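# Summary of structural features
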Amino acid sequence: MNEIEKQPQSADAGQTVPLADQAQQAAAQASPGAELSLPDGALILLPTRNAVLFPGIVAPLTLGRPGSIAGAQAAAKADKPVGIVLQTDPSIEAPGPDDVHRVGTTADILRYVTSPDGSHHLVARGARRFRVREFLPGYPFLVARVEEVGEAEVYSTEVAARMHQLKERAREALSLLPNVPPELAGAVEQIASPSQLADFITNVSDLTPKEKQDVLETFEVSERLDKVLRYLAQQIEVLRLSKQIGEKTQEELAGRQREHILREQLRQIQKELGEGEEGQAEIAELREAITKAAMPEEAEKQALKELKRLERMPEASAVHGMVRTYLDWLTELPWSKTSDDRIDIAEARRILDEDHYGLPKVKQRILEYLAVRKLKPEGKSPILCFVGPPGVGKTSLGQSIARAMGRKFGRISLGGVHDEAEIRGHRRTYIGALPGNIIQALRKAGTRNPVFMLDEMDKLGAGFHGDPSAALLEVLDPEQNSTFRDNYLAVPFDLSRVMFIGTANVLDAIPGPLRDRMEVIELPGYTEEEKLEIAKRYLVKRQLEATGLTADQVEITDAAIRAIIADYTREAGVRNLEREIGAILHNVAMRIAEGAVPHMKIEAKDLHGILGARHFESEVAMRTSVPGVATGLAWTPTGGDILFVEAARVPGSGRLILTGQLGEVMKESAQAALSLVKARASALGVDPATFEKSDIHVHVPAGAIPKDGPSAGVAMFIALVSLLTGRTARSDTAMTGEISLRGLVLPIGGVKNKVLAAVRAGITTVMLPERNKKDYEDVPEAARNAVRFVWLSTVDDAIAAALEPLPAPQAEEAPALSDEQRRAAAG
């Protein structure tokens with residue numbers, strides 16, 4: 001029911017009768033003793049708060065204010081129409097001429113009713129639109145002179161199209177409304193007048209009073225139809241969305257109700273089967289585990305949240321297992337468990353000496369680190385990184401540190417890891433998701449302060465799954481790892497108490513930002529004497545235990561071990577040495593198990609029968625016995641090594657031929673060496689015309705192995721000078737260094753590993769650049785004592801130290817025979 005005005009609940013309650021009396025008194029004062037008399041064209045106006053009456057519409061109106069009641073009673077008594085106008089502000093209690101719209105509808109009063117409770121009602125039918133011309137004073141209610149606005153019914157194709165469209169929209173809107181009387185749709189179809197159709201649809205639509213007043217004030221029919229179409233389109237969109245929301249809400253409520261009923265039935269079934277108590281016991285057990293874990297506030301909050309989810313979740317649910325696994329990970333991590341550091345510097349020194357032979361500088365640095373940890377346990381510890389060739393004891397050093405500190409030890413192999421999730425873990429949305437290797441290792445260790453060995457850091461890869469080295473930046477940064485966030489856990493975990501130790505063979509392969517976060521400790525290769533001691537103290541004992549033999553059953557002499565080192569292994573570490581010792585002991589175990597012998601003593605002469613022919617020979621003297629060959633020193637990821645540079649002269653047109661799978665830098669070194677020899681040809685006693693008539697061929701054997709770097713410059717220069725002068729290079733001398741076109745010898749890297757390689761190969765003289773004297777202290781003392789060092793400033797120093805003098809008969813002309821020619825001549 002449209003109301004002419006709605007008073008606040010406290011306005012008319014209990015006051016209906018007095019208001020009616022006031023209205024009658026006001027009507028009597030307006031026309032004492034006679035009927036109401038109004039000028040021509042004047043109407044009594046009844047202001048409404050929120051009701052707009054259209055022509056042709058019958059609507060009930062409720063009266064509440066004294067002026068409205070008086071005006072309605074006066075008009076009903078005089079059988080005159082009234083004007084229905086909308087207030088501009090519905091909150092005004094006593095509207096005046098400035099508080100109502102100027103366009104309204106004349107209405108005939110069909111019936112006036114006073115209810116038993118004293119309220120007043122009337123039923124009015126809209127007749128025509130009007131426009132207020134002026135308000136007339138002197139009345140106890142609003143009276144205005146009005147001008148009626150006629151309806152011009154214009155029928156055209158455009159109007160017919162608008163009417164058709166409006167009826168279609170009206171049918172659609174009625175279909176979206178609930179509980180719509182079927183006769184309403186029929187009434188819309190029967191209306192033939194465009195004006196009446198627009199007014200009727202506006203009246204029954206759920207438009208605001210302001211929008212309805214806008215339609216009422218639109219006198220031109222086509223414009224009115226367009227306006228109603230626009231408003232109706234908005235209403236239809238709202239009704240569609242409302243219907244969709246209602247349907248979804250109903251479906252959700254129905255689904256929840258169904259789920260609730262099924263859960264209740266399941267609970268009763270579980271109770272009858274005796275399974276309900278087990279589920280509750282599991283929840284209670286998890287709750288107790290969360291409490292005992294002593295998690296940080298954020299982690300505990302997350303765990304309790306997931307526990308509530310699990311409690312409401314049936315065991316048959318696919319998510320139940322995922323949530324349970326997640327809670328198991330949270331509760332089993334060592335959030336507060338630590339192992340007490342038992343740092344005794346003397347005991348730590350004893351453990352390091354017991355587990356490792358030699359390595360004095362490395363042990364000294366480790367003991368310094370432990371001393372700082374003892375004096376300041378809460379301080380931020382540096383991240384150590386052991387760099388060295390394979391088999392020198394990097395991983396076992398980490399185990400010794402853990403034993404010296406009384407901590408648990410964990411090893412994480414990073415070789416070949418190319419997925420960031422291996423470090424940070426997978427998100428729980430994936431099936432089979434797990435935390436990263438860091439969190440997994442912590443769970444296995446059982447404490448939050450273990451010693452973690454990050455092995456093979458230089459073997460990390462990167463792919464489309466991300467860069468694991470970038471993920472390690474947070475792990476290895478003492479400023480950030482206190483809030484390390486694994487993707488699976490989704491809560492921070494404190495890694496600041498973990499001692500991380502990295503290992504690598506090649507430092508350059510570790511990305512710069514990651515290398516910058518670590519303190520690098522280099523482990524050199526071992527000398528022959530050190531390998532002998534390591535074999536006697538550790539390797540033989542370990543292999544005896546592995547084969548089930550005892551020291552009484554087998555003995556390996558020092559001479560045999562030296563022979564294994566020299567003839568069967570050539571490495572920086574001792575991994576192959578241990579493998580060869582194991583092969584010997586396996587052979588001994590077989591013979592003792594057969595009952596052939598009760599005891600065996602392995603001498604150097606027995607190695608051929610057990611290990612076969614020697615794997616390495618001292619070929620330095622053999623290769624450098626002819627001119628054109630020089631011995632160089634090279635650095636490799638597995639330690640240092642020696643290489644031979646061979647040069648030959650053949651008839652040609654002055655070309656330089658390079659073979660041996662040389663890199664660009666090494667090719668440039670060869671070209672620089674040849675240019676330097678050409679520039680010094682006269683001083684060296686070489687005919688310059690030789691270069692125009694001959695091709696120079698430089699070859700570096702082991703052609704299947706790629707080689708590169710500038711440090712072979714000195715060896716190439718000496719090989720060329722040896723070839724062209726006929727002076728052979730000394731067989732006990734090896735050299736390394738970069739050369740310039742001015743004849744200077746420039747510094748190189750890897751001095752320590754190159755010197756150790758020279759010692760292993762039986763070299764007694766090592767030629768190094770003068771500017772590498774600073775690296776002399778890094779060379780182990782045993783290696784320094786085993787070789788003689790020659791420091792080179794220019795290539796002239798190299799010629800003087802590396803080449804043998806010419807024999808007297810050959811002083812006039814340098815021979816130019818190749819190896820094949822010499823063998824042929826010897827034959």
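Residues numbered from 1 in each chain as written. Predicted model: local features only at pLDDT ≥ 70, side-chain atom pairs only at ≥ 80, totals over all residues. Heavy atoms only, no water.

## Quick word on the overall build of the protein chain
The cut-off we apply is this: For the purposes of this entry, the term helix denotes a DSSP run of H or I that reaches at least four residues, the term strand denotes a run of E that reaches at least two, and both are numbered from the N terminus. Here the radius of gyration uses the C-alpha set of atoms, whereas the globule reference equals 2.2 Å times the residue count to the power 0.38. By the convention used here, residues are in contact when the closest approach between their heavy atoms is within 4.5 Å.
Check the secondary structure of the protein chain and you find 30 helices and 24 strands. Rg of the C-alpha trace for the protein chain: 52 Å, well past the compact-globule value of 28 Å for 827 residues, more than 25% over. Overall, the protein chain is about 165 × 80 × 50 Å in size when its C-alpha atoms are taken along their principal axes. Taking the intrachain contacts of the protein chain between residues at least 6 apart in sequence as the baseline, contacts between residues at least 24 apart amount to 75%.

## Quick word on the nonpolar core
To keep it simple, the criterion reads: Each nonpolar core is a collection of buried residues, namely Ala, Val, Leu, Ile, Met, Phe, Trp, Tyr and Cys, held together in the definition by side-chain atoms within 4.5 Å. For the exposure calls, accessible area comes from a 1.4 Å probe over protein chains only, and a residue counts as buried if that area is under 20% of its type's maximum, exposed if over 50%, partly exposed in between.
Counting 53 residues, the largest nonpolar core has Ile 581 and Ile 602 as its most contacted members. Ignoring anything within four residues of it in the chain, the contact list for Ile 602 reads Val 554, Glu 555, Ile 556, Thr 557, Ala 560, Ile 584, Val 588, Leu 607 and Ile 610. The next biggest cluster of nonpolar side chains, apart from the first, holds 50 residues, and it includes Val 143, Ile 191, Leu 225 and Ile 236.

## Section: the side chain of Asp 486
Rules: In summary, the charge assignment counts Lys and Arg as positive and Asp and Glu as negative, without counting His or the chain termini. The salt bridge definition used is simple: a Lys or Arg side-chain nitrogen within 4 Å of an Asp or Glu carboxyl oxygen. In protein, a polar contact requires one atom able to donate a hydrogen and another able to accept it; more generally it is a pair of N or O atoms within 3.5 Å, and residues adjacent in sequence count only if both atoms are side-chain atoms.
For Asp 486, the position within the fold is in the loop between β10 (484–485) and β11 (492–493). One buried charged residue, Asp 486, remains without a salt bridge, the closest side chain of opposite sign being Arg 424 at 7.6 Å. Within the local environment of Asp 486, its side chain forms a polar contact with the backbone nitrogen of Tyr 488, the two atoms lying 2.8 Å apart. Not counting the four nearest positions on each side in its chain, Asp 486 is found in contact with Ile 423, Arg 424, Gly 425, Pro 435, Gly 436, Ile 439 and Val 491.

## Quick word on helix α18 (residues 528–547)
For the record, the criterion: Bend, in this description, refers to the angle at a residue between axes fitted to the seven residues ending there and the seven starting there.
At Ala 535, α18 shows its largest kink, close to 50 degrees. Packed against the buried residues of α18 are α11 (345–355), β14 (554–556), α19 (558–568), α20 (575–593) and α27 (751–760). Phi turns positive one or two residues past the end of α18, at Gly 548, with a value near 80 degrees.

## Focus: the pattern of salt bridges
With the rule as written, the count across this model stands at 44 salt bridges. Between Glu 298 and Arg 485 there is a salt bridge, with its nearest N and O atoms 3.5 Å apart. One end of the pair, Glu 298, is in helix α9 (residues 297–311); the other, Arg 485, is in strand β10, with 187 residues separating them in the sequence. Glu 298 sits in the partly exposed class, given a relative accessible area of 42%. On the accessibility criterion, Arg 485 (37% relative accessible area) is partly exposed. When salt bridges with common partners are traced through the structure, they connect Glu 347, Arg 350, Glu 354, Asp 355 and Arg 403 into a single cluster.

## Notes on a nonpolar patch on the surface
We count it as follows: Patch definition: residues above 30% relative accessible area lacking any salt bridge, with like charges linked at up to 9 Å and the nonpolar side chains Val, Leu, Ile, Met, Phe, Trp and Tyr linked at up to 5 Å. Values of accessible area rely on a 1.4 Å probe in the Shrake-Rupley scheme; residue burial ignores everything except the protein chains shown.
A grouping of Val 319, Met 322 and Ile 431 is seen on the molecular surface, where their side chains present a nonpolar patch of about 280 Å² in accessible area. Here Met 322 shows up in helix α10 (residues 318–332).

## Considerations on the sheet that holds strand β9 (residues 451–455)
What counts here: Strands are labelled as partners when DSSP assigns at least two bridges between them. Note on method: axes are straight lines fitted to C-alpha atoms, helices fitted across the in-contact stretch only, with angles between N-to-C directions ranging 0 to 180 degrees.
With parallel pairing, 5 strands are arranged side by side in an open sheet as β8-β9-β12-β7-β13. Looking along the sheet, the strands with just one partner apiece sit at the ends: β8 (409–413) and β13 (518–522). Taken over all neighbouring pairs, the strand axes of this sheet differ in orientation by 25 degrees on average, direction set aside. Both strand β7 (residues 383–387) and β13 contribute to a ladder of 5 bridges, which runs parallel.

## A few points about the packing of helix α12 (residues 360–375) against helix α13 (residues 394–405)
Which entries qualify depends on this criterion: Crossing chirality is assigned from the near helix's rotation relative to the far helix, an anticlockwise turn below a right angle marking it left-handed and a clockwise turn marking it right-handed. When residues are grouped by polarity, Ala, Val, Leu, Ile, Met, Phe, Trp, Tyr, Cys and Pro land in nonpolar, Asp, Glu, Lys and Arg in charged, and all others, Gly among them, in polar.
The N-to-C vectors of α12 and α13 enclose an angle of 35 degrees; their axes lie 12 Å apart at closest approach. Considering only the axes of α12 and α13, their crossing is right-handed. Here Val 362, Ile 366 and Leu 370 of α12 lie close against α13, whose contacting residues are Leu 397, Ile 401, Ala 404 and Met 405. Residues that form the contact of α12 with α13 fall into these classes: 7 nonpolar, no polar and no charged.

## Brief notes about the side chain of Asn 481
Looking at the secondary structure, you find Asn 481 in the loop between α16 (468–475) and β10. Of note is the side chain of Asn 481, whose polar atom sits 3.1 Å from the backbone oxygen of Val 475.

## Considering the packing of aromatic side chains
In this description, an aromatic ring pair is defined by two values, namely the gap between the centres and the angle between the planes. To be explicit about the condition: Pairing of aromatic side chains requires ring centres within 6.5 Å, counting the rings of Phe and Tyr and the six-membered ring of Trp. Pairs whose planes differ by under 30 degrees are stacked, by over 60 edge-to-face, and all others tilted. Counted as over-ring charges are cases with an Arg CZ or a Lys NZ within 6 Å of the ring centre that also lie within 35 degrees of the ring normal.
Under the counting rule described, the total for this entry stands at 7 aromatic pairs. Ring centres of Phe 789 and Trp 791 lie 5.8 Å apart, and the angle between their planes is 10 degrees; this geometry places the pair in the stacked category. Three or more aromatic residues joined by ring pairs form one cluster here, namely Tyr 776, Phe 789 and Trp 791. Positioned above the aromatic ring of Trp 329, the side-chain terminus of Arg 443 is 4.0 Å from the ring centre. Across from the ring centre of Tyr 776, 5.2 Å away, lies the NZ or CZ of Arg 784, which sits over that ring.

## Observations regarding the environment of Ala 402
Position of Ala 402 relative to the elements: it lies in helix α13. Since its relative accessible area comes to 2%, Ala 402 is described here as buried. Taking the C-alpha atoms as reference points, Ala 402 and Asp 516, 114 residues apart in sequence, are found 24 Å from one another.

## So, the pairing of strand β1 (residues 42–48)
Counting buried positions along β1 yields 7 of 7 residues, so the element is predominantly enclosed. Summarising the sheet, β1 and strand β6 (residues 142–149) pair through 4 bridges and their orientation is antiparallel. When the bridges of β6 are listed, Ala 42 appears paired with Arg 145.

## Description of the confidence of the model for the protein chain
The condition that has to hold: The predictor attaches a confidence to each residue, called pLDDT, with possible values from 0 through 100.
Averaged over every residue, the pLDDT of the protein chain is 83; the share at 70 or more is 90%. Of the regions scoring below 50 in pLDDT, residues 810–814 engages in 4 contacts with residues more than four places distant in sequence or in other chains. Low pLDDT, under 50, characterises residues 821–827; the predicted model gives this stretch 5 contacts beyond four residues in sequence or across chains.

## Notes on unusual backbone geometry
The residue Asp 79 is not glycine, and still its phi comes out positive at about 55 degrees. Here Asp 79 lies in the loop between α2 (66–78) and β3 (82–86). Residue class for Asp 79 comes out exposed when judged on its relative accessible area of 70%. Notably, Glu 456 is not glycine yet its phi reads approximately 55 degrees, a positive angle. With respect to the helices, strands and loops of the structure, Glu 456 is situated in the loop between β9 and α16. According to the relative accessible area criterion, Glu 456 is partly exposed, its value standing at 26%.

## Quick notes on the packing of helix α23 (residues 664–679) against helix α26 (residues 713–725)
As a reminder of what qualifies: Roughly parallel here means an angle under 35 degrees, roughly antiparallel means over 145, roughly perpendicular means 65 to 115, and every remaining angle is called oblique.
Between α23 and α26, the shortest axis-to-axis distance is 9 Å and the interhelical angle comes to 40 degrees. Between α23 and α26, the angle falls in the class oblique. Along this stretch, α23 crosses α26, giving a crossing that reads as right-handed. Contacts between α23 and α26 involve Met 666, Ser 669, Ala 670, Ala 673, Leu 674, Leu 676 and Val 677 on the former and, on the latter, Gly 713, Met 716, Phe 717, Leu 720, Val 721 and Leu 724. Here the contact of α23 with α26 is built from residues that sort into 11 nonpolar, 2 polar and no charged.

## A few points about the pairing of strand β23 (residues 765–769)
Among the 5 residues of β23, 5 are classified as buried, and the element is accordingly described as predominantly covered. Relative to strand β24 (residues 788–792), β23 runs parallel, the two being bridged by 5 bridges. Directly across from Pro 769, in β24, lies its bridge partner Leu 792.

## Structural notes on the layout of surface pockets
Test applied: A pocket here means an open set of points on a 1 Å grid, computed over the protein atoms alone, that has protein on both sides within 12 Å along at least five of seven lines. A cavity is instead a set of points where a 1.4 Å probe fits but cannot get out; residues with an atom within 4 Å of a point line either one. Grid points are joined across faces, edges and corners, and a volume is the space filled by probe spheres set on the points.
Of the voids in this model, the second largest pocket is the one considered here, and its volume is about 680 Å³. In this structure, the second largest pocket is lined by 27 residues; those nearest its centre are His 356, Val 392, Gly 393, Ser 396 and Arg 542. For the lining of the second largest pocket, the secondary structure elements donating two or more residues are α11, α13, α18 and α20. With 6 residues, the top contributor of residues to the lining of the second largest pocket is α13.

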